[in-house]
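Read off the chains here:
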Amino acid sequence: MTTGRLDAQALRELIAQVGRGNAAALEALYDQTSPILYGLLIRILKHPDRAQDALQECYLRVWRRAETYAAEKGDPLGWLIGIARYRALDLIQSTRKLDGPTQSISEAEYELPGDERTPEDAAVEQEGLLRLDRCLQGLQSQQRRSVLMAYYEGYSHSELALAMNAPLGTVKAWVRRGLARLRECLERP
């Protein structure tokens, strides 16, 4: 990462190197993208320990599947976000099956006694969360709401259309445009 900016081409190259078994490339990819993915996971899962576990599983999946990434089919950060999102939704689904509905926790519960994070780790995580939040706030209200409901709450496009009382095509456009603007924002310095 250069001066706080994610370079899509550099991420593509790192993913390609990871696909060839380069562990140092995986470490560099983790360093550059984990604050953003952790921010996403903490918003979805609502618990630091679960988010950290999911983050590690995401990068294991990246290690195993990097050779399947097709640069011409999509943005590398979008690919990574997709992996993280699906892992989080899998965890939510499995928790619901075992325990019933998940409960939301207050923000105060994020500070857990015995948390092993260093101040530097906390600062990086906070920076990623703030950056993601700033980018989300820059979206139009319908785009922001549809992206949040789809990616953080797991709504399908048809569920979004019902919940937002809008035509399916309109909701799909809101999500698509919102994600494009979010991606542009996250890639800016």
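It should be emphasised that the depicted structure is a prediction, and the values quoted were computed from it without experimental measurement.

*Asks:* I tried to follow the nonpolar core on my own but got confused; where do I start?
*Replies:* Where a protein is soluble and globular, its nonpolar side chains tend to be buried together. Counting residues in each nonpolar core, the largest one holds 40 residues, and the members touching the most others are Leu29, Leu41, Leu45, Val62, Leu182 and Leu186. Of all elements in the fold, only α1 (8–19), α2 (23–45), α3 (48–65), α4 (76–99), α5 (119–137) and α8 (168–187) reach the threshold of two or more residues within this core. Top element by residues in this core is α2. It accounts for eleven residues. Beyond its immediate chain neighbours, meaning those up to four positions away, Leu41 contacts Lys46, Ala51, Ala54, Leu55, Cys58, Ala84 and Ala88. Within the second largest apolar cluster, nine residues are counted, among which are Met149, Leu160, Ala166 and Trp174.

*Asks:* Even after reading the chapter, I still don't get unusual backbone geometry, so can you show me in this structure?
*Replies:* Residues apart from glycine generally show negative phi values, whereas peptide bonds are mostly found in trans. In the Ramachandran plot, Lys46 falls in the positive-phi region, its phi being about 65° despite a non-glycine side chain. Mapped onto the fold, Lys46 is located in the loop between α2 and α3. Accessibility expressed as a relative area gives 32% for Lys46, which makes it partly exposed. In this structure, Asn165 takes a positive phi of about 50° despite not being glycine. As for its placement among the helices and strands, Asn165 is situated in the loop between α7 (157–164) and α8. A relative accessible area of 73% means that Asn165 is categorised as exposed.

*Asks:* What am I meant to see in the state of the cysteines here?
*Replies:* A covalent bond between the sulfur atoms of two cysteines is what we call a disulfide. Inspection of every chain in the model, using the stated rule, returns one disulfide. The side chain of Cys135 participates in a disulfide bridge whose partner is Cys185; the two sulfur atoms lie 2.1 Å from each other. With the S-S bond torsion at -75°, the cross-link from Cys135 to Cys185 turns out left-handed. Placement of the pair is Cys135 in helix α5 and Cys185 in helix α8, with a sequence separation of 50 residues. Each member of the pair, Cys135 as well as Cys185, is classed as buried.

Thresholds applied
Residues numbered from 1 in each chain as written. Predicted model: local features only at pLDDT ≥ 70, side-chain atom pairs only at ≥ 80, totals over all residues. Heavy atoms only, no water. Core = buried A, V, L, I, M, F, W, Y, C linked by side-chain atoms within 4.5 Å. Buried < 20%, exposed > 50% of the residue type's maximum accessible area, 1.4 Å probe, protein only. Helix = DSSP H or I, 4+ residues; strand = E, 2+ residues; numbered from the N terminus. Contact = heavy atoms within 4.5 Å. Disulfide = S-S within 2.5 Å.

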